[in-house]
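# Structural description and commentary
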Amino acid sequence: MDWKYKHFHQERVFPAPRDVVTEAARTFMHESLAWQITETPDGFTAEGVSFSHKAIAHLQFQSVGDGTRVAIELLVERTGWRGYMLFDVGGYYNIQIRKWLDGIQWSIHQRLTGTRDESTNPLVLAENKPAAYIFHGCLMFIVAMFGLYLLVTFICAVVGLITGTLYLWGRGGTLVIHGTLARIVSGLILLCGAFVAWRVKRKR
């Protein structure tokens, strides 16, 4: 398991020449997302920030028949100012990659037709949908509640290690452990937290 980055991968075939698709993708990633572009032998790398986490997107382009296959591998740093990401809550980053692929298709159309209508940009359309505001609000709430739960669990583990009484909150109610077992479980919780922090620090 990569403790520093969360990995995502998607690909799509576009009915256009490789050079057109590559330039359209480069334009979209740089101008619409404002990410920094670095050229690579088989495409380019884009670096930026997504949902408070630093991210690196590797884009590869391959000619297939009459079209071009675009493969996106996204590496998102697990540590961000909103907390540590163990999993992709709500499939957020997979949804973002699909929007990017839609954006590349939009950019190809703009390039072939010689137009530049930002109102049809998939990112603009998505941001203007009421469902997008609801989704982001729910996502923020889930992240905040999960972070609060981890904080409370950590505090309870510290108290349990000192006093020998451990309280663990869950969906089934509150579990109370006493004595030596409470100290052992508390120690294991703290060790797990320390291990994750050490792995993240070591990767950096």
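Data block above holds the structure.
Now for a quick tour of the structure. None of the values given here were measured: they were computed from a predicted structure.

With that settled, the discussion passes to the pattern of salt bridges. By the definition in use, this model includes 4 salt bridges. Glu-11 is the salt-bridge partner of Arg-69, the closest N and O atoms lying 3.4 Å from each other. One end of the pair, Arg-69, is in strand β5 (residues 67-77); the other, Glu-11, is in strand β1 (residues 5-14), and 58 residues separate them in sequence. In this structure, Arg-12 engages Asp-102 in a salt bridge whose closest nitrogen and oxygen atoms are separated by 2.8 Å. Residue Arg-12 is located in strand β1, and its partner Asp-102 is located in helix α2 (residues 92-113); the two are separated by 90 residues in the primary sequence. Assessed through its relative accessible area of 27%, Arg-12 is described here as partly exposed. Look at Asp-102 and you get partly exposed, because its relative accessible area is 35%. What you see here is one network of salt bridges that share partners, running through Glu-23, Arg-26 and Glu-39.

So, on to the pairing of strand β2 (residues 36-40). Two strands pair when backbone bridges link them, and β2 and strand β3 (residues 43-50) are joined in this way by 5 bridges, in the antiparallel orientation. Bridge assignment links Glu-39 to a residue of β3, and that residue is Phe-44. Linkage of β2 to β3, two consecutive antiparallel strands, is achieved through a turn of 2 residues.

Strand direction decides the pairing type here: strand β8 (residues 165-170) and strand β9 (residues 173-178), joined by 6 bridges, are antiparallel. Across the sheet, Thr-165 pairs through a bridge with His-178, a residue of β9. A loop of 2 residues connects β8 with β9, the two strands running antiparallel in sequence.

This part covers the sheet that holds β5. Across the sheet, 5 strands lie side by side as β1-β5-β4-β3-β2; this open sheet has antiparallel pairing. This sheet does not close on itself; its edge strands, each paired only once, are β1 and β2. Put simply, the sheet's adjacent strands are angled 20 degrees from each other on average, direction ignored. Here strand β4 (residues 53-64) runs beside β5; their pairing, made up of 10 bridges, is antiparallel. Directly across from Leu-59, in β5, lies its bridge partner Ile-72.

Rules of the game
Residues numbered from 1 in each chain as written. Predicted model: local features only at pLDDT ≥ 70, side-chain atom pairs only at ≥ 80, totals over all residues. Heavy atoms only, no water. Salt bridge = Lys/Arg side-chain N within 4 Å of Asp/Glu carboxyl O. Helix = DSSP H or I, 4+ residues; strand = E, 2+ residues; numbered from the N terminus. Buried < 20%, exposed > 50% of the residue type's maximum accessible area, 1.4 Å probe, protein only. Pairing = 2+ DSSP bridges. Axes fitted to C-alpha atoms, helices over the stretch in contact; angles between N-to-C directions.

From the geometry alone we can't say anything about function, so treat these as descriptive.
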